[in-house]
Amino acid sequence: MSFSAVLFYILSAILLVSAFRVVTAKNPVHAALFLVLAFFTSAGHWLLLEAEFLAIALVLVYVGAVMVLFLFVVMMIDINIEKLRAGFWRHFPVAATVGIVMMAEMILIIASPEAGLDSFGQAAPAVAGVSNVKQLGLQIYTTYLYPFELAAVVLLLAIVAAIALTMRKRKDTKFIDPAVQIAVRREDRVRVLKMDVEKAPAKDAGSSEQQQA
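One structure accompanies this document, and this report is about it. Quantities reported herein were computed from a predicted structural model and do not represent experimental measurements.

**A word on helix α5 (residues 88-111)**
The end-to-end C-alpha separation of α5 is 33 Å, in line with the 34 Å expected for 24 residues at 1.5 Å each. Its axis deflected by about 30° at Val94, α5 carries its strongest bend there.

Right, here's the structure in full:
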């Protein structure tokens, strides 16, 4: 067994354990950290397949951006963990069955001769002088140009929808128009009142003289 195959098995074991802990961890912060570990091990698989660009993109996009957002949301929002975990073990057998079936399918695909792998995790030798990044760019912007543009439109719609949801009018928020604040006048906010000087009663003045005496 080659070193690539051994490394493939080690990364696969770490990936399966971390993915399982993402689902079963009680603390959402720990679950997010296990998901980061799963992304790193997936990037290791891409490196074994000599797809360096996809490995770097996975680390930069998911670990560097998406997971930071997840951790920020989880740590800043008060989430009722018990309510989220309600009914977890009731649906666990079905989820475990689906996961085992998917894992068996991936093993059969990798083990098949049509997959281009002579052993687990060891890719076929690449052609000399050919960059996989260049080939990926050619495939995206030539063969799969329309699906790529369609995915970009879908992501744009998701961004617009997220902004529209956050900008909806809520009754529990206090909104102040900056234009109204700038156009305010001193006379509208400050009122000067003239009050007569109050004099002390004569009774109080006589008592104070007796105390001095």
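Next, the rest of the story.
**Topic: the packing of aromatic side chains**
Under the definition given, this model contains three aromatic pairs. With a centroid separation of 5.2 Å and an interplanar angle of 45°, the aromatic rings of Phe39 and Tyr62 are classed as tilted. Within this pair, whereas Phe39 is found in helix α2 (residues 28-48), its partner Tyr62 is found in helix α3 (residues 52-76), the two being separated by 23 residues in sequence. For Phe39, a relative accessible area of 16% puts it in the buried group. Here Tyr62 falls in the partly exposed class, since its relative accessible area comes to 38%. Their ring planes at 70° and their centres at 5.3 Å tell us that Tyr141 and Phe148 sit as a pair that is edge-to-face.

**Looking at the nonpolar core**
In this structure, Ala32, Val36, Phe39, Ala43, Ala55, Leu58, Val63, Met67 and Leu71 together form the largest nonpolar core, which totals nine residues. Elements with a minimum of two residues in this core: α2 and α3. For Met67, the contacting residues outside a window of four places in its chain are Ala32, Leu35, Val36, Phe39 and Tyr62.

Scoring rules and cut-offs
Residues numbered from 1 in each chain as written. Predicted model: local features only at pLDDT ≥ 70, side-chain atom pairs only at ≥ 80, totals over all residues. Heavy atoms only, no water. Helix = DSSP H or I, 4+ residues; strand = E, 2+ residues; numbered from the N terminus. Expected span 1.5 Å × (residues − 1). Bend = angle between axes of the 7 residues up to and from the residue. Phe/Tyr/Trp six-rings, centres within 6.5 Å; stacked < 30°, edge-to-face > 60°. Buried < 20%, exposed > 50% of the residue type's maximum accessible area, 1.4 Å probe, protein only. Core = buried A, V, L, I, M, F, W, Y, C linked by side-chain atoms within 4.5 Å. Contact = heavy atoms within 4.5 Å.

What is shown is where atoms sit, not what they do.
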